[in-house]
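Chain residues, written in single-letter form:
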Amino acid sequence: MTESAGRRFAWVVFGLVVLLLGATMVASVLGARTSGVGAEPVAGTGGEVVVLGAPGLSWSDISQAETPTLWSLVESGASGGLIVRGTHPVTCPADGWLTLSAGQRASADTDGVQDCAGVPGVEVSGDAATVPGWEAWQEAADRRPLDSRLGTLTTAIEDAGGCVAAYGPLAALGAAATIGEVTPYAEGGLTAYEPGGGCAVSLVDGGVITGRTEAAVLDAELAGLRDSLPADATLIVAGLADRGERAGVRAALVWGNGVTPGALHSTTTQQTRLVQTTDLTATVLLLAGVEIPAAVSGKAVEVVPTEQAATERVDDLQGLTAAIGGAQELAIPVLGIGLVLALVALAQLVVTGQRTATRVLGLWAMAFPSATLLAGLVPWWRGSPAWLPLGLTLLVLAGVQVALALLGPWRRHPLGPPAVIAALTVVVLGVDVVLGGRLGLISILGVQPLTAGRFHGMGNVGYGIFAVSGLLLAGFLASLLRSRPMARRTAAALVIGVLGLLLVLVDGAPMWGADFGGVPALVVAVGILGLAAAEIRLTPVRALLIGGAAVAVAGVLMFVDWLRPPGARTHLGDFLQSVIDGGALDIVLRKLDQSLGILVRYPVSWVAVLVLVVLVWAVASPDSWPGRRIAPLWQVPLLRATAVAVLTCVTIGWALNDSGIAVVGIGLAVAIAAAIAIGAAIAVPRR
């Protein structure tokens, strides 16, 4: 590929990326999103709010034939998947009820040891009950960073002059006040419930559901409860806990005269058909006419009206829950097997000297992350076993990208194919994030919503892929434009600046990526790369100016989010509010503790640290042993500056995120794959 052809190629790729991302942003602002469009708040009717907790109840248990009552609630109510995460990866029934009580993740243990088989007992005296382990559970919660206050639900209602009734021992955990006392209380659970008891809220123990048999029994008993409810009552059915030792998405239904038929939506997840247990806490308080206290981390659910039949709604929810569960279950096996096979193949190719095949392998590894997102367009989770269609889908999608990268005349330049793969990755991840992150929700490299860390926007793994691919793309295109020394500095810097702006907006804008820690890292990295393209030396003063710009940009994005109503803010605006309230230091220390804790709990993460140290050494010291190994790469203009920008980005991203080591690991994997593809192509004679 000639120099002029390379420059034309660079401008075409740049234009397409800018056009696709820009058009998607405009469409998003105009309402073209995959979730939350047309969401309406749940309207309270002033009547009793009844919460039927059935830990383990899942959408796979619900069918028109076996659970007709639940099916009828789907037809005339709002339904969604429920994230039940407490303080442990697997949520026990008691943990789920306590999380509902606190409006924040909680658990019924004092030393971190769970007992999901046991139901904590209550001491009954007349129509009152006491939870013996309450004080110890609260002391354990005080030692955790989440600041859970058990009994928040009942305390808020009692402070407003109301009461919370409990039916059954598990329901007592949800209804207990801050000292572990419940009044009124009745044994028997669902069979003991009687409407019109005088309390604003009634919590009913529906038992633990382990399969369709228990679900059918629950459904038969639920029919009587539904038929006996007053016309102004609202019924919430929730599968508040996991089953056995496997985490998963459970079922949630809201039914009543004030509920529009449709799909549940929450501003905490930003995903239609996906809410959290803490959102149900906020919803109960809203329906009871009580102000939601700050201790409740959830937001009241909304409803997206739909004209879908119940069959379609249940099918969609079964597919969504299966995809989310399958993505988490298959993530480590698929990635582990893929990594081993890639390393074996790479070693074989290096030994045999097959540069063309090595180049293809590097490109395939670059394309793999975006393939994991695009796989969400294919219902691989409906296969049995699911890993087979997922694996085949990933192979095909990555292969298609590699074929496209090697299809045109740009294949003759070492940077041509990697630039195509990087552009595709940036567009795929960027478009998904801007439109609502639906693909990232069900990807093995996505946000993994079962951990309840993030449900939308830019997670740490996604950020590592997106930011590094974006920086590589900017560096590659600038290099093609700067094919002659001292030529076209302005064009190269312009391309880097525009792409950098798009990357920052996608990553940090509250309505899109909502990522705070990644923004400063991107701004600094783009600044370093831009100076190199403009042939301006990086001095200490300029470094300080770039750092100041990074802080300023992050601050502006937080401020913009903070200006929105509290219920609509993301964690960006919430953090600024915590700065105002004086609680920011606790959040920073908690995130630092989580980041350092990963290195302790997962020793394999030190591999990423070691690779980062070696690469920094190699790039900073070209005459060192590792430096000489990668020295041939530097004959490509701006490639060393691109490497510096990438290493800077992942290092700062690691420091500013609670699980930032994931940024280092996946980001360096993308960069190394690109280096392999480029290195293999440099020695190939041009035709």
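Residues numbered from 1 in each chain as written. Predicted model: local features only at pLDDT ≥ 70, side-chain atom pairs only at ≥ 80, totals over all residues. Heavy atoms only, no water.

**Student:** Sorry, what's going on with the pattern of salt bridges here?
**Tutor:** As a working rule, side chains carrying opposite charge can pair if their charged atoms are close by. Under the criterion given, the structure shown has ten salt bridges. The closest approach of N and O atoms between R246 and E329, which form a salt bridge, is 2.6 Å. Placement of R246 in the loop between β10 (234-238) and β11 (250-256) and of E329 in helix α9 (residues 310-352) is noted, with a sequence separation of 83 residues between them. With relative accessibility at 51%, the residue R246 sits in the exposed group. Put simply, R382 and D315 hold a salt bridge, and the shortest N to O gap is 3.5 Å. Taken together, the positions of R382 in the loop between α10 (355-374) and α11 (387-405) and D315 in helix α9 put the pair 67 residues apart, joining distant regions of the chain. R382 gets classed as partly exposed once you look at its relative accessible area, which sits at 49%. (Salt bridge = Lys/Arg side-chain N within 4 Å of Asp/Glu carboxyl O. Helix = DSSP H or I, 4+ residues; strand = E, 2+ residues; numbered from the N terminus. Buried < 20%, exposed > 50% of the residue type's maximum accessible area, 1.4 Å probe, protein only.)

**Student:** Explanation requested: unusual backbone geometry in the structure shown.
**Tutor:** Excluding glycine, residues mostly have negative phi values, and the peptide bonds linking residues are mostly trans. For the bond running from T183 to P184, omega is 0°, close enough to zero to count as cis. Tracing the sequence through the fold places P184 in the loop between β7 (181-182) and β8 (185-186). Here the residue pair S384 and P385 is connected by a cis peptide bond, since its omega of 0° sits within 30 degrees of zero. Assignment of secondary structure puts P385 in the loop between α10 and α11. For E535, which is not glycine, the phi torsion reads 60° and is therefore positive. Judged by relative accessible area, which is 36%, E535 ranks as partly exposed.

**Student:** Sorry, what's going on with the side chain of D109 here?
**Tutor:** Note on placement: D109 falls in the loop between α3 (93-102) and β4 (123-125). Classification of D109 by relative accessible area gives buried; the value is 3%. Of the polar contacts made by the side chain of D109, one reaches the side chain of S107; its length is 3.0 Å. Here the side chain of D109 touches R144 through a polar contact of 2.8 Å, side chain to side chain. Setting aside chain neighbours within four positions, we find D109 in contact with H88, Q114, W137, A140 and R144. (Polar contact = N/O pair within 3.5 Å; in protein donor to acceptor, adjacent residues only side chain to side chain. Contact = heavy atoms within 4.5 Å.)

**Student:** Please clarify how helix α15 (residues 489-508) should be interpreted in this entry.
**Tutor:** In an α-helix, one full turn covers 3.6 residues, which means residues spaced three or four apart are oriented alike. With 20 residues, α15 should cover 28 Å at 1.5 Å per step; its first-to-last C-alpha distance of 28 Å lies within 8% of that length. Within the span of α15, buried status applies to A491, A492, V495, I496, L499, G500, L502, L503, V504, V506, D507 and G508. Of the surrounding elements, those touching the buried residues of α15 are α1 (3-29), α12 (416-435), α14 (460-481), α16 (518-533), α17 (540-562) and α18 (571-581). (Expected span 1.5 Å × (residues − 1).)

**Student:** How should I be thinking about the sheet that holds β7 in this particular structure?
**Tutor:** The strands making up a sheet associate through hydrogen bonds between their backbones, and the pairing can be parallel or antiparallel. Spatially, three strands are ordered β4-β5-β7 in an open sheet, and the strand pairing comes out antiparallel. For this open sheet the edge positions go to β4 and β7, each flanked by a neighbour on one side alone. (Pairing = 2+ DSSP bridges.)

**Student:** Please clarify how the packing of α14 against α16 should be interpreted in this entry.
**Tutor:** Two measures define how a pair of helices packs: the angle their axes make with one another and the distance between the axes. α16 packs onto α14 with a crossing angle of 15° between their chain directions and a minimal axis gap of 11 Å. Taken together, the axes of α14 and α16 lie roughly parallel to each other. The two elements α14 and α16 cross, and the hand of that crossing is right-handed. Together, Y463, A467, L471, A474 and G475 of α14 and G518, A521, L522, A525, V526 and L529 of α16 make up the contact between the two elements. (Axes fitted to C-alpha atoms, helices over the stretch in contact; angles between N-to-C directions. Parallel < 35°, antiparallel > 145°, perpendicular 65-115°, else oblique. Left-handed = near helix turned anticlockwise from the far one by under 90°.)

**Student:** Just to check I follow, could you spell out the pairing of strand β3 (residues 78-83) for this structure?
**Tutor:** Looking along a regular strand, one sees the side chains alternate between the two faces of the sheet. Of all six residues in β3, six are buried; the element is thus mostly enclosed. Across five bridges, the pairing between β3 and β11 is antiparallel. Within β11, the residue paired with L82 across the bridge is R250. Bridge count between β3 and strand β12 (residues 262-266): two bridges; the pairing is parallel. Within the sheet, the bridge partner assigned to A78 lies in β12 and is G262. Pairing geometry for β3 and strand β14 (residues 274-276), over three bridges, is parallel. The residue of β14 that forms the bridge with L82 is V275.

**Student:** Even after reading the chapter, I still don't get the nonpolar core, so can you show me in this structure?
**Tutor:** One broad rule of soluble globular proteins: the nonpolar side chains tend to lie buried together. Counting 123 residues, the largest nonpolar core has V17, I444, L473 and L477 as its most contacted members. With 14 residues, the top contributor of residues to this core is α14. (Core = buried A, V, L, I, M, F, W, Y, C linked by side-chain atoms within 4.5 Å.)

**Student:** Would you mind showing me how to read the side chain of T154 here?
**Tutor:** For T154, the position within the fold is in helix α5 (residues 152-159). Here T154 is in contact with V164, G174, A175, A176 and A177, once residues within four sequence places are set aside.

**Student:** Help me understand the packing of α14 against helix α23 (residues 661-682), please; the structure alone is not making it clear to me.
**Tutor:** α23 packs onto α14 with a crossing angle of 35° between their chain directions and a minimal axis gap of 7 Å. Where α14 crosses over α23, the two elements pack in a sense that is right-handed. Of the residues in α23, those in contact with N460, V461, Y463, G464, I465, V468, S469, L472 and F476 of α14 are A662, V663, I666, G667, V670, A671, A674 and I678. In terms of residue class, the contact of α14 with α23 is made up of 13 nonpolar, four polar and no charged. (Nonpolar A, V, L, I, M, F, W, Y, C, P; charged D, E, K, R; others polar.)

**Student:** Please clarify how the environment of A342 should be interpreted in this entry.
**Tutor:** Mapping A342 onto the fold places it in helix α9. Judged by its relative accessible area of 26%, A342 falls in the partly exposed class. Considered as a pair, A342 and A365 are 23 residues apart in the sequence and their alpha carbons are 8.0 Å apart.

**Student:** Just to check I follow, could you spell out the packing of aromatic side chains for this structure?
**Tutor:** Centre-to-centre distance and the angle between the planes together describe a pair of aromatic rings. Taken as a whole and assessed by the stated rule, the structure comprises seven aromatic pairs. When the ring of W380 is compared with that of W381, the centres are 5.5 Å apart and the planes differ by 80°; the resulting orientation is edge-to-face. There is no split in this pair, since W380 and W381 are both buried. (Phe/Tyr/Trp six-rings, centres within 6.5 Å; stacked < 30°, edge-to-face > 60°.)

**Student:** For this particular structure, what's the right way to read the state of the cysteines?
**Tutor:** The bond known as a disulfide is covalent and runs between the sulfur atoms of two cysteines. Counted according to the given criterion, the structure contains one disulfide. Covalently, C163 is tied to C199 through a disulfide, its sulfur atoms 2.0 Å apart. Because the sign of the S-S torsion sets the handedness, a value of about -115° for the bond joining C163 and C199 places this disulfide among the left-handed ones. Placement of the pair is C163 in the loop between α5 and β6 (164-167) and C199 in the loop between β8 and β9 (201-205), with a sequence separation of 36 residues. On the basis of relative accessible area, C199 is assigned to the buried category, the value being 8%. (Disulfide = S-S within 2.5 Å.)

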